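Residue-level structural notes
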Amino acid sequence: MDRGAVLFLLLSSLSGGACMIELDGNGFTNILVAINPAVPENPQLIQNIKDMINSSSAYLVTATQKMFYFKDVKILVPPNWAPQPSYTRGKTESYENANVVIKDMSYGDDPYTLQYDECGKPGKYIHLTPSFLLNDSLLNAYGPRGRVFVHEWAHLRWGVYDEYNEDTPFYISSSQQVEATRCSKDLTGSLGVPFSSDSSLQRCSKDQITGLPSANCQFFPDKTQKTSVSIMYLQSLPAITEFCNDKSHNQEAPNMQNRMCNYRSVWSVIGSAPDFDRTAPMTADPPPPQFTLLQKGRRVVCLVLDVSGSMGGYDRLTRLRQAATLFLREIIEDQSMVGIVTFTSSGTIVKSLTLVHDKTSREELVTALPSTAGGGTDICRGLDSGFQVLKEDDSSTFGDEIVLLSDGESPVDCLDQVGNSGAIVHGIALGPSADKRVEIMVNMTGGKYILATDKVDSNGLVDAFAALTTSDGNLTLQSIQLESTGMNTDGNSFFNGTVSVDKTVGNDTSFLVIWGTSVPDIIVTSPTGFNYTNTDFSQNRDLKTATLKIPGTAEVGDWTYRLHNTQSSRQALAVTVTSRAASASVDPVTVKAHMNQEVSNGSRPMLVFAEVRQGDLPVILADVVATIESNDGPKEELQLLDNGAGADVFRHDGIYTKYFTNVRKSGTFNLKVRVQGRGDTARLSVRRHGRALYIPGYMEDGQLQLNPQKPPGSEEDLQARVGSFSRTASGGAFTVAMDPGAPPPRFPPCTITDLSARIEAQGVLLTWTAPGEDYDQGTAKSYEIRMSPDFELLRKNFSDAQLVNVSLSLPKEAGSMEEYSFSPESIPLQNGTILYFAARSEDHENLTSEVSNIAQAALIVPGPDPPTGPEPGPPTGPEPGPPSSVNITVLVLSVTGVVAAACIVATTVMCVKKRKRTTSA
């Protein structure tokens with residue numbers, strides 16, 4: 001087996017780092033729950049976390065048919081809580097790598113799981129609020145906490161999706177019944193609008209546009225049910241103890257589980273997870289979960305820096321000093337402790353642990369940075385000295401950090417020592433020859449692994465050090481990178497740019513300019529027009545840097561920089577801008593970026609993710625560009641989208657996504673993301689997905705039992721714009737290890753996931769987002785669209801359904817909105833007609849995508865609304881009583897449709913019309 005394949009297997013087995021959940025027999029272990037530092041100290045909170053997981057373990061045993069339980073859980077308490085005898089020293093655990101986070105939300109207390117990958121792929125973390133854990137009045141609406149935790153665990157561990165849909169709470173079934181969007185259909189309840197004065201229901205009116213129940217109509221489930229499914233719909237009901245399986249699954253419901261998982265049941269997806277490959281049902285009740293309380297102290301970091309002979313080339317040592325100086329002056333937080341070690345064939349302690357508390361202490365560390373290079377390379381000897389430095393404060397390395405920078409290969413005989421140290425190792429690989437085994441150390445300890453090339457204009461080494469911020473969850477203490485860019489600038493030419501400082505940042509704002517050969521003329525202009533020039537910068541000609549510190553809080557608005565290369569020859573110029581939160585009480589806008597695979601063999605495309613938020617609120621409508629750079633220099637830019645199509649799961653959730661398909665060779669690649677928000681577009685959103693449903697009330701013994709009204713949190717509450725802002729973030733490095741001689745992979749168009757259909761005066765209008773030649777990039781060759789009055793036929797035998805003639809419709813560029821209008825000649829549009837549509841696309845290499853979601857269009861003629869009154873609306877479900885179907889004289893358009901005029905009659909003339917409208921999603 002070649003070295004690349006060995007590395008692929010090693011990294012794959014370690015992917016996920018120190019906080020990866022493990023399965024020991026039937027028990028899940030290494031689960032990390034982390035409490036945010038902003039949460040007030042409260043011992044009852046810890047006890048309620050334990051109680052929740054204890055009860056959820058028993059519920060999980062039942063829900064998974066005795067397959068799994070929770071065995072071992074760690075609870076990381078904030079460093080600002082008072083130490084307790086029951087707290088042990090944390091090791092590699094950190095808030096940012098936690099599986100469950102406890103933090104207040106800006107709106108409401110909905111438990112949710114941050115989830116934005118493909119069906120069956122794990123989520124990022126579960127978010128619970130202190131109020132949810134402490135306020136028992138919320139239990140009626142969400143159900144017992146242990147049940148809620150199992151609902152969220154299914155999102156997190158097994159990548160399943162919700163079976164409700166608040167945007168589309170009702171739909172028309174193939175049997176022409178109005179149904180609540182749920183699983184299973186056996187779950188009963190009543191439709192109605194609650195009276196404000198009592199606990200009665202008035203009948204729902206029909207929406208005159210859709211024919212469905214009006215927007216204020218709600219579904220109130222019966223408290224007592226005869227069905228036991230489904231946990232991903234209503235875990236709060238006492239009878240619900242199972243996930244929907246193939247027998248009980250509601251394939252017609254327009255929910256995310258059907259859309260994302262190709263109409264598979266939740267239990268089918270869970271059952272295909274690797275967890276089931278190595279377990280069998282338990283024959284006895286499992287023991288209760290074991291809990292460990294952890295707490296970490298102040299941040300302790302040792303820089304372990306390679307100064308071997310190869311660091312003398314490509315100006316690497318100078319660039320190391322540039323980047324490390326930024327880290328020591330601007331990035332590392334006050335009250336941290338920092339030491340410095342250099343290594344060649346042996347390690348040398350050049351600076352013992354130093355408390356960072358003022359400018360003088362920071363400059364002492366800067367002065368200790370190495371200035372000469374020479375000798376061999378032995379990474380482990382450098383780590384030996386680094387661990388020695390970390391022990392200087394308390395004789396332990398638990399929870400401390402190593403920043404290891406190296407540019408070459410080395411003997412590595414210390415993997416066990418690294419794993420047993422309890423320290424987090426961050427790895428910075430400089431140049432194309434850096435030792436790949438550093439990545440293994442990083443994965444073992446939950447650190448960050450970042451690649452930096454030898455190109456000054458890429459600014460990679462500065463980005464690497466700028467990414468090493470605190471990981472305790474306190475965003476107001478972190479340094480925020482607003483800008484990081486560079487350019488090879490021709491002689492006597494200018495390098496210009498704009499940096500937007502928003503109201504959430506502005507303290508400790510710094511501009512760093514780096515040049516290749518000679519200092520440029522520099523002008524930085526504030527939003528009010530004040531110019532800062534070279535004389536305002538602190539220059540270090542040996543380091544080839546100039547630094548401007550903005551006094552106080554930087555002005556909000558657009559700052560511009562203008563660098564003039566005054567020499568006659570080309571030189572590389574780079575600019576980095578960092579800042580901190582303007583207020584300790586307001587979270588800054590942040591961006592986090594990563595790939596969905598830390599290591600790939602090239603057989604399937606990789607996904608690029610960028611998460612843009614202010615606190616827990618998504619920031620939408622921003623411009624997000626990812627740059628992927630290989631270790632030998634070439635780079636590729638990708639425009640990431642938050643449009644709910646292609647690689648993106650949810651529209652406007654603040655997660656911007658794109659496929660990376662240009663996998664042509666093995667190597668190490670680095671991800672960097674730049675985000676620009678414009679004041680007239682970017683704004684906050686309250687949309688959260690993957691969450692437990694808040695139930696407005698229940699029907700019990702024929703009476704409506706209302707829960708307290710859910711706290712408001714509509715999009716309208718957040719119409720105030722975020723304002724213009726700039727952010728840059730490193731997404732770390734990833735590895736591609738392809739088989740030697742393997743041809744570049746070929747990828748089909750991505751699956752269309754947002755196909756919709758509605759009936760208009762001229763027939764049926766279909767809309768969708770265009771896929772690409774290779775997943776969501778480029779332009780596909782053709783579409784194949786089919787229709788049927790039979791939902792099951794279209795789902796199971798797409799090729800047997802009737803073909804829609806789209807030969808005149810050429811695909812648009814990926815991400816564009818497509819519209820196609822036609823009148824079916826073989827199926828008359830008449831009262832009672834329900835049609836289903838699905839599509840797939842083909843590229844120029846004749847590779848076809850998977851079949852899309854199934855869209856419905858229905859036509860039924862309306863009758864008058866029933867009189868309003870206190871009587872409950874018709875129940876939904878199979879119970880005896882008034883039928884749940886709407887009378888055939890009601891005009892109903894599909895959940896995705898709009899009203900068709902009552903004068904629509906069947907036409908038998910085929911009419912194809914391609915609308916010439918393209919909008920970038």
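Residues numbered from 1 in each chain as written. Predicted model: local features only at pLDDT ≥ 70, side-chain atom pairs only at ≥ 80, totals over all residues. Heavy atoms only, no water.

1. Brief notes about the overall build of the protein
What counts, and what does not: Each helix is a run of DSSP H or I of at least 4 residues and each strand a run of E of at least 2, with the numbering of both proceeding from the N terminus. A 1.4 Å probe rolled over the protein chains alone gives each residue an accessible area, and that area as a share of the maximum for its type sets the label: buried under 20%, exposed over 50%, partly exposed in between. Methods summary: accessible areas were calculated by the Shrake-Rupley approach with a probe of 1.4 Å, and residue burial reflects only the protein chains presented.
Looking only at helices and strands, the protein features 15 helices and 51 strands. When the 921 residues of the protein are sorted by exposure, 59% land in the buried category. Per element, the accessible surface of the protein, about 34,800 Å² overall, is 50% carbon and sulfur.

2. Side note on the side chain of Gln251
This is how the line gets drawn: Here a polar contact means two N or O atoms within 3.5 Å. Within protein one must be a hydrogen donor candidate and the other an acceptor candidate, and residues neighboring in sequence count only if both atoms are side-chain atoms. In what follows, a contact means two residues having at least one pair of non-hydrogen atoms within 4.5 Å.
Relative to the helices and strands, Gln251 is located in the loop between α6 (231-234) and α7 (256-260). Given the relative accessible area of 19%, Gln251 is considered buried. Within the structure, Gln251 has its side chain in polar contact with the side chain of Arg795 (distance 3.2 Å). In this structure, Gln251 is in contact with Asn258, Tyr263, Phe791, Glu792 and Arg795, ignoring residues within four places of it in sequence.

3. Quick look at the sheet that holds strand β23 (residues 493-501)
Cut-off, in case you're wondering: Note on pairing: two strands pair once DSSP finds at least 2 bridges between them. Axis geometry follows a simple rule: fit a line to the C-alpha atoms, using only the stretch in contact for helices, then measure angles between N-to-C directions, giving values from 0 to 180 degrees.
Taken together, the four strands give an open sheet; going across it, the order is β23-β29-β25-β26, and neighbouring strands pair in antiparallel fashion. With one partner strand each, in any of the chains shown, β23 and β26 (531-533) form the two edges of the open sheet. The mean inter-strand angle of the sheet, taken between neighbouring strand axes irrespective of direction, is 15 degrees. The pairing of strand β25 (residues 521-525) with strand β29 (residues 557-565) spans five bridges and is classified as antiparallel. Bridging from a neighbouring strand, Ile523 pairs with Arg562 of β29.

4. Notes on the packing of aromatic side chains
As a reminder, the rule being used: Any two of the Phe, Tyr and Trp rings considered here, Trp counted by its six-membered ring, make a pair once their centres fall within 6.5 Å; the pair's planes then place it as stacked at under 30 degrees, edge-to-face at over 60, or tilted in between. Only when the NZ atom of a Lys or the CZ atom of an Arg is both within 6 Å of the ring centre and within 35 degrees of the ring normal do we say a charge sits over the ring.
In this structure the tally under the stated criterion is 30 aromatic pairs. An angle of 80 degrees between the planes, with centres 4.8 Å apart, marks the rings of Phe70 and Trp153 as edge-to-face. Residue Phe70 is located in strand β4 (residues 69-70), and its partner Trp153 is located in helix α5 (residues 145-158); the two are separated by 83 residues in the primary sequence. Measuring from ring centre to ring centre gives 5.2 Å for Tyr142 and Tyr694, while their planes differ by 85 degrees; the resulting arrangement is edge-to-face. Here Tyr142 is found in helix α4 (residues 139-142), whereas its partner Tyr694 is found in the loop between β39 (683-684) and β40 (697-700), with 552 residues between them in sequence. The exposure class assigned to Tyr142 is buried, which follows from its relative accessible area of 2%. Through pairs of rings, three or more aromatic residues link up here, namely Phe28, Phe68, Phe70, Phe149, Trp153, Trp158, Phe243, Trp267 and Phe276. One cation-aromatic arrangement involves Arg786 over Phe798; the distance from NZ or CZ to the ring centre is 5.8 Å.

5. Digging into the nonpolar core
Heads up, the condition is: Put simply, buried Ala, Val, Leu, Ile, Met, Phe, Trp, Tyr and Cys residues joined by side-chain atoms within 4.5 Å make one nonpolar core.
In terms of nonpolar packing, the biggest core is built from 87 residues, with Phe28, Ile35, Trp153 and Phe243 touching the most fellow members. In terms of residues, this core owes the most to one element, helix α2 (residues 43-63), which gives eight residues. Among residues more than four places away in sequence, those in contact with Trp153 are Ile21, Phe28, Ile31, Leu60, Phe70, Ile126 and Trp158. Counting 35 residues, the second-largest nonpolar core is a separate cluster that includes Leu328, Ile332, Ile450 and Val462.

6. Observations regarding the pattern of salt bridges
The following threshold applies: Just to be clear on terms, a salt bridge is a Lys or Arg side-chain nitrogen sitting within 4 Å of an Asp or Glu carboxyl oxygen.
Tallying each qualifying case throughout the model produces 38 salt bridges. A salt bridge links Glu364 to Lys351; the shortest N-O distance between them is 3.8 Å. With Glu364 in helix α10 (residues 359-367) and Lys351 in strand β18 (residues 347-355), the pair connects residues that are 13 residues apart, well separated along the chain. Salt-bridge contacts for Arg795 lead to Glu792; the nearest nitrogen and oxygen are separated by 3.7 Å. Pair noted here: Arg795 and Glu792 are both in helix α15 (residues 791-796), with a separation of three residues, about one helical turn. We classify Glu792 as partly exposed; its relative accessible area is 29%. It is possible to trace a salt-bridge network through shared partners that takes in Arg316, Arg319, Asp407 and Asp454.

7. Quick word on empty space enclosed by the protein
In this approach the atoms are scanned with a rolling probe the size of a water molecule, which exposes any empty space left behind. Rules: Grid spacing is 1 Å over the protein atoms alone, the probe is 1.4 Å, and a cavity is where that probe fits but cannot get out, while a pocket is an open set with protein on both sides within 12 Å along at least five of seven lines and lining residues have an atom within 4 Å of a point. Grid points are joined across faces, edges and corners, and a volume is the space filled by probe spheres set on the points. For this classification, the nonpolar set comprises Ala, Val, Leu, Ile, Met, Phe, Trp, Tyr, Cys and Pro, the charged set comprises Asp, Glu, Lys and Arg, and every other residue, Gly included, is treated as polar.
According to the stated counting rule, one finds five cavities of 30 Å³ or more in the structure shown. Within this model, the largest cavity holds a volume of roughly 100 Å³. Leu114, Arg613, Asp653, Arg688 and His689 are the residues nearest the centre of the largest cavity, which is lined by 13 residues in total. For the lining of the largest cavity, a count of residues per class yields six nonpolar, three polar and four charged. Roughly 70 Å³ of internal volume is contained in the second largest cavity. Around the second largest cavity, the lining is made up of 15 residues, and of these Leu641, Asn643, Ala645, Gly646 and Asp776 lie nearest the centre.

8. Digging into the packing of α2 against α5
Condition: An angle counts as roughly parallel when it lies under 35 degrees, as roughly antiparallel when it exceeds 145, as roughly perpendicular when it falls between 65 and 115, and as oblique in every other case.
Running from N to C, α2 and α5 cross one another at 70 degrees; their axes reach a closest spacing of 8 Å. Between α2 and α5, the angle falls in the class roughly perpendicular. Two secondary-structure elements touch here, α2 through Asn48, Met52, Ser55, Ser56, Tyr59 and Leu60 and α5 through Arg145, Gly146, Arg147, Phe149, Val150, Trp153 and Trp158. Looking at the contact of α2 with α5 residue by residue, the class counts come to seven nonpolar, four polar and two charged.

9. Structural notes on the sheet that holds strand β28 (residues 545-549)
Hydrogen bonds between backbone groups are what pair the strands of a sheet, and the pairing can be parallel or antiparallel. The sheet built from five strands is open, its strands ordered β22-β30-β24-β28-β27 with antiparallel pairing. Each edge of the open sheet carries a strand with a single partner, namely β22 (480-489) and β27 (538-540). Between one strand axis and the next, the sheet turns by 15 degrees as a mean value, whatever way the strands run. Pairing of β22 with strand β30 (residues 571-581), which is carried by nine bridges, proceeds in the antiparallel orientation. In the strand pairing of β30, Met487 is matched with Leu573.

10. Some points on the environment of Thr342
Topologically, Thr342 is positioned in strand β17 (residues 337-343). For the pair Thr342 and Arg381, spaced 39 residues apart in sequence, the C-alpha separation works out to 9.6 Å. Ignoring sequence-local partners within four residues, the contact set of Thr342 consists of Leu305, Val307, Gly347, Thr348, Val350 and Pro370.

11. Topic: α2
As a reminder, the rule being used: Multiplying 1.5 Å by the helix residue count minus one yields the expected span of that helix.
Over its 21 residues, α2 extends 30 Å from the first C-alpha to the last, a length consistent with the 30 Å expected when each residue adds 1.5 Å. If you check which residues of α2 are buried, you get Leu45, Ile46, Asn48, Ile49, Met52, Ile53, Ser56, Ser57, Tyr59, Leu60, Val61 and Ala63. The distance from a side-chain oxygen at the start of α2 to the backbone nitrogen of Gln44 is 2.9 Å, and the residue carrying that oxygen is Asn42. Directly beyond the C-terminal end of α2, a positive phi value near 55 degrees is found at Gln65.

12. Description of the state of the cysteines
Note the cut-off: Any two cysteine sulfur atoms within 2.5 Å of one another count as a disulfide.
Under the defined criterion, the tally for this structure stands at four disulfides. Residue pairing for Cys183: its cysteine sulfur links by disulfide to Cys244, the two sulfurs lying 2.1 Å apart. The disulfide joining Cys183 to Cys244 has a torsion of about -110 degrees about its S-S bond and is therefore left-handed. Of this pair, Cys183 sits in the loop between β11 (178-180) and β12 (189-194) while Cys244 sits in the loop between α6 and α7, and the two are 61 residues apart along the sequence. Assigned by exposure class, Cys183 and Cys244 land together as buried. The partner cysteine of Cys380 in its disulfide is Cys414, sulfur to sulfur 2.0 Å. Here Cys380 and Cys414 share a disulfide; its torsion about the S-S bond, -75 degrees, makes the bridge left-handed. Separated by 34 residues along the polypeptide, Cys380 in helix α11 (residues 379-390) and Cys414 in the loop between β19 (401-406) and α12 (415-421) bring together distant segments of the chain.

13. Some details on unusual backbone geometry
Of the consecutive residues Cys183 and Ser184, the connecting peptide bond is found in the cis state with omega at 5 degrees. The backbone of Gln176 sits at a positive phi, close to 65 degrees, despite the residue not being glycine. The residue Gln176 is located in the loop between β10 (170-172) and β11 in this model. If you check the backbone angles, Ser395 has positive phi at about 65 degrees while not being a glycine. Here Ser395 shows up in the loop between α11 and β19. Using a relative accessible area of 64% as the deciding quantity, one classes Ser395 as exposed.

14. Structural notes on helix α13 (residues 437-445)
Among the nine residues in α13, seven count as buried, and that is most of the element. Restricting attention to buried positions, one finds in α13 the residues Val438, Glu439, Ile440, Met441, Val442, Asn443 and Thr445. The positive-phi residue at the C-terminal boundary of α13 is Gly446, with phi of around 75 degrees.

15. A few points about the pairing of strand β31 (residues 589-595)
Across the seven residues that make up β31, a large majority, five, are buried. The pairing of β31 with strand β33 (residues 606-614) spans seven bridges and is classified as antiparallel. In the strand pairing of β33, Lys592 is matched with Glu611.

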